[in-house]
Every structure is written in C-alpha cells, then in structure tokens.
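Analysis of the macromolecular model
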Amino acid sequence: MFYPENISRRGALSLCLGFAVAACAGQETAFAPLVPPEYAPRQDGERVIPAVNPGYLNQRNRRQWVDYTGTEPVGSLVVDPYARFLYHIYEPGRAMRFGIAVGREGRGFRGSATVLRREEYPSWTPTANMVRQEPETYAALAGGLPGGLDNPLGARALYLYRDGKDTMYRIHGTMDPSSIGKATSAGCIRLFNQDIIDLFDESQLGMRVKVRTPAESLAMEGPVVELSTGYLVAASDTAAIEADAEMVAANAAAEAAALAAAAATPAPTPATSG
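Description of the structure in this document. Because the structure is a prediction, the values reported are computed rather than measured.

Rules and cut-offs
- Residues numbered from 1 in each chain as written.
- Predicted model: local features only at pLDDT ≥ 70, side-chain atom pairs only at ≥ 80, totals over all residues.
- Heavy atoms only, no water.
- Helix = DSSP H or I, 4+ residues; strand = E, 2+ residues; numbered from the N terminus.
- Buried < 20%, exposed > 50% of the residue type's maximum accessible area, 1.4 Å probe, protein only.
- Areas by Shrake-Rupley, 256 points an atom, 1.4 Å probe, with all protein chains shown as cover.
- Pairing = 2+ DSSP bridges.
- Contact = heavy atoms within 4.5 Å.
- Axes fitted to C-alpha atoms, helices over the stretch in contact; angles between N-to-C directions.
- Salt bridge = Lys/Arg side-chain N within 4 Å of Asp/Glu carboxyl O.
- Phe/Tyr/Trp six-rings, centres within 6.5 Å; stacked < 30°, edge-to-face > 60°.
- Lys NZ or Arg CZ within 6 Å of the ring centre and 35° of its normal.
- Polar contact = N/O pair within 3.5 Å; in protein donor to acceptor, adjacent residues only side chain to side chain.

A separate point is the overall build of the protein chain. On a plain count of helices and strands, the protein chain comes out with 6 helices and 14 strands. Across the 274 residues in the protein chain, those meeting the buried criterion constitute 42%. When the accessible area of the protein chain is evaluated, it comes to approximately 13500 Å², of which 55% is carbon and sulfur surface.

So, in structure tokens, the structure goes:
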C-alpha cells in the first residue's frame, strides 16, 4: 500500500449498524470522479471498501504529509484525541497525518503504549458497561459481532498494550465515515477504512504509540474550536468560526419564522353534518 499525497511515493506509509457496500453503490457512482485516488472504492480480498463521500474529506480529515516537530521516534504513532489527529512519524521532521474520530474510550487513555495485536476485519463485542447502560442498542450484540464492513471496528484494528496488558484502546476503521473528524458517543480512535488499511500495512507488532494529554495537544496544535457541524477548526480561523455562527443564526431565524407562520395559519373549520 502507499500513502498518497504523492501517489508515486510508497508510504510510511460508532455506531451506525447496517452500513454495507450495497447501500453505497449508487453513491459511489455519483461522486466517484470527485474522490481522491486514496479514498476511491478499493478491492480488499473478497470485499469492496466503498468510496469515501468527498463531503467528509475536509482539510483536517484528509490524510496528508506534514512537517512534524515532536520528539517521538521515527516509526511511531502519535494520537491526539483533542485535535483529532493521528500522526505516523515517517522520517525526522516528517509525518503522515490522518483525521480521526474519537469516542469516549478514546478520551480515557493517555501516555505510551505498544501495538501487540493486529487484526484484519476484527470481531467486536460491546463491553458489559455498554450493554448495561444502553441495552436497547447493545443487548442483542452481547455475544459479539463478526468482522465485516458492518462491524464498528471496520476493516482493520491495532490493539494497544501497556506492560503486557491490554489497555482496551484501539485504533481501527469505521462503518460510519461521516463520523471522522468528530467526537462520538462510543469507540476509541477511528479512521476511514482506506486510511486504516494503509496504516495497518505499514504497522508492525511492537510499534510504539503515544497518546497526547490535553496540555500536550494544546502545546503542539494550538487551541481549536468545535463548529456546529461537529468538526474542529483552529481557533485562529476566525472566518470559519464567524461563517458557522452566521449559519447557526440563519437556521435559527428560519426555524422561528416557520414556527410563527404555522402558528398564524388559521385552523381548518371542522366540517358539519346534516
């Protein structure tokens, strides 16, 4: 596999149950010409990974080569749950950056870990706590869900361990590409399936992973603001923040006008008999 931004350069490269390839076939045809090659439909064994809707590929979400000033060693991964980025350190001062979605579990771990398990199309079982808190969603899945494109872990998963013990922290794909770049209600660290496949191919057992703290994220990435869409932008991006505020205000005004119009519409006169 490769890490395009430079296509010729070999790389250092949720739940939305029911998402399947067949359901996306018509969408792929509609937006295929607009999809970057790395996010196009991809044959993966007997499965076909659907193309990523280009509407989900904003500047922060799409994988890209970036300069990197951190001190982590070449070959390691750096997860920033707060800026919603994952970095693969490819060479000194250079990294491939991926957009990620972060669930509750993804915000509950920090520090160093090691990849000691790698799985293609991993199975998934909700935790006892998930079943207890949301039985209407997870009780039917308590026995586990086989791997596949309708599995919350997506096409690949990397399992993180510390001192030989499973941290329950996962870096994985997703059945819900619309979630990438956003905070989610459950899960650890999600990537587009195309991204996790390529990252998986460049990973190995024993790979070091660093998960940043809020303070480390702020120091490395600067402050961020979450827009009404759920996506983040740099706090310095005043144009995007102001445009989002204007959109929210316009939507609120339109909703208020619609409610007022509905309230002013006379109720129909009941028909009389006889």
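From this point, the discussion proceeds with the structure in view.
As a further point, take the sheet that holds strand β5 (residues 85-91). An order of β3-β6-β5-β4-β12-β8-β9-β10-β11-β7 is seen for the 10 strands of this open sheet, with the pairing classed as mixed. Taken across any chain shown, the strands that pair with only one partner, and hence form the sheet edges, are β3 (64-67) and β7 (101-102). By the bridge criterion, 6 bridges tie strand β8 (residues 111-120) to strand β9 (residues 156-162) in an arrangement that is antiparallel. From the neighbouring strand, V115 faces β9, where its bridge partner is L160. Sheet strands in contact with helix α4 (residues 193-202) are β4 (77-80), β5, β6 (94-99), β8, β9 and β10 (165-172), and its direction is about 55 degrees off that of β9.

We now examine the pattern of salt bridges. This model, assessed by the stated rule, comprises 14 salt bridges. Of the charged contacts in the structure, one is a salt bridge between R62 and E38, with a shortest N-O distance of 3.1 Å. Taken together, the residues span a long stretch of sequence, with R62 in the loop between β2 (47-49) and β3 and E38 in the loop between α1 (21-31) and β1 (42-44) at a distance of 24 residues. For E38, a relative accessible area of 1% puts it in the buried group.

Our focus in this paragraph is the packing of aromatic side chains. The tally for this structure, following the rule as stated, stands at 5 aromatic pairs. Seen from their ring centres, F85 and Y87 are 6.1 Å apart, and the 70 degrees between their planes marks the pair as edge-to-face. Just above the ring of Y39 sits the side chain of R63; from NZ or CZ to the centre is 5.5 Å. In this arrangement the basic side chain of K182 is found over the ring face of Y231, its NZ or CZ atom lying 4.9 Å from the centre.

Our next topic: the environment of E72. Relative to the helices and strands, E72 resides in the loop between β3 and β4. When near neighbours in sequence (up to four residues on either side) are disregarded, E72 contacts V78, I89 and K210. A polar atom in the side chain of E72 sits 2.7 Å from the side chain of Y68.

Its location among the elements puts S217 in helix α5 (residues 214-221). With residues up to four places along the chain from it excluded, the contact list for S217 reads D80, Y82, A83, R212 and G222.

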